[in-house]
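Working through the structure, step by step
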Amino acid sequence: MKTLIVYCSSHGTTEKAVQLLSEWMEGEVLAVDLKRDKVDFDVRTYDIVIIGGSIHAGSIQSKIKHFIGKHYEDLLTKKLGLFLCCWHDGETAIDQFDTAFPEELRRVSIANGIFGGEFLVSKMNFIERQIVKKVSGVTVDTSNLDKTAIMSFVMKINSTFALA
């Protein structure tokens, strides 16, 4: 089983989630941060594609949107996993997830995950810190990253290959 994980991580939370995914996934895994990594890959050569990002100012990163747009038709033919790192939970998180990923991809994906999030104030610039403080009241590094949700996501994906 060959898995491609494409993601964007602004302050490191999504990268932490991807590290856990990579450790727990069966088979060969290539993880590519679309913001930082300059890696050539062909989506069509992977058995499964996992796409993840985080919410900033109510939207997922533009590089994730661009990747989905560029590879949309190929993604529809793949075993697909979609995940989001976001601070909110409940209906707000579901709404953010639904806004981040096109309906058709959400419908065909074999695993969808909302992994919680973090405010890593120590890694934010001045403007980001001010916005986070005003919107959420958070002034120190704070985490609600959900390792159980990440493990559940991995188990759904790994189980599809165990049955094959």
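Structure: see above.
Reading the values: the criteria
Residues numbered from 1 in each chain as written. Predicted model: local features only at pLDDT ≥ 70, side-chain atom pairs only at ≥ 80, totals over all residues. Heavy atoms only, no water. Helix = DSSP H or I, 4+ residues; strand = E, 2+ residues; numbered from the N terminus. Buried < 20%, exposed > 50% of the residue type's maximum accessible area, 1.4 Å probe, protein only. Contact = heavy atoms within 4.5 Å. Lys, Arg positive; Asp, Glu negative; His and termini not counted. Charge placed at Lys NZ, Arg CZ, Asp CG, Glu CD. Expected span 1.5 Å × (residues − 1). Bend = angle between axes of the 7 residues up to and from the residue. Patch = residues over 30% accessible without salt bridge, like charges linked within 9 Å, V, L, I, M, F, W, Y side chains within 5 Å. Areas by Shrake-Rupley, 256 points an atom, 1.4 Å probe, with all protein chains shown as cover. Salt bridge = Lys/Arg side-chain N within 4 Å of Asp/Glu carboxyl O. Phe/Tyr/Trp six-rings, centres within 6.5 Å; stacked < 30°, edge-to-face > 60°.

1. Structural notes on the overall build of the chain
On a plain count of helices and strands, the chain comes out with six helices and eight strands. Taken over the C-alpha atoms alone, the chain extends approximately 50 × 30 × 25 Å along its principal axes. Counting the 164 residues in the chain, one finds 43% classified as buried. Summarising the internal contacts of the chain: among those between residues at least 6 apart in sequence, 76% fall at separations of at least 24. Charged side chains of the chain number 19 positive and 21 negative; the gap between the two group centres comes to 5 Å.

2. A word on helix α2 (residues 62-76)
Over its 15 residues, α2 runs 20 Å from end to end, which matches the ideal 21 Å to within 8%, given 1.5 Å per residue. Helix geometry: α2 is bent most strongly at K70, by close to 60°. Three or more residues of α2 are buried, namely I64, F67, I68, H71 and L75. Each element contacted by the buried residues of α2 is listed here: β1 (2-7), β3 (48-56), β4 (59-60), β5 (79-85) and α4 (103-108).

3. Some words on a nonpolar patch on the surface
The grouping of F126, I127, I131 and V135 at the surface amounts to a nonpolar patch, some 460 Å² of accessible area in total. Tracing the sequence through the fold places I131 in helix α5 (residues 126-136).

4. A short note on the packing of aromatic side chains
Counted under the stated rule, the structure contains five aromatic pairs. With centroids separated by 6.3 Å and ring planes inclined at 45°, the aromatic side chains of F41 and F67 adopt a geometry described as tilted. Linking F41 in the loop between β2 (28-33) and β3 with F67 in helix α2, this pair joins segments that are 26 residues apart in sequence. Given a relative accessible area of 24%, F41 falls into the partly exposed group. Residue F67 is classed as buried on the basis of its relative accessible area of 5%. Each ring, one from F115 and one from F153, has its centre 5.4 Å from the other, and the planes form 85°; the classification is edge-to-face. Linking F115 in the loop between β6 (111-114) and β7 (118-119) with F153 in helix α6 (residues 147-162), this pair joins segments that are 38 residues apart in sequence. Across the pair, exposure class does not vary: F115 and F153 are buried alike. Members of the aromatic cluster, joined through ring pairs, are F83, F115 and F153.

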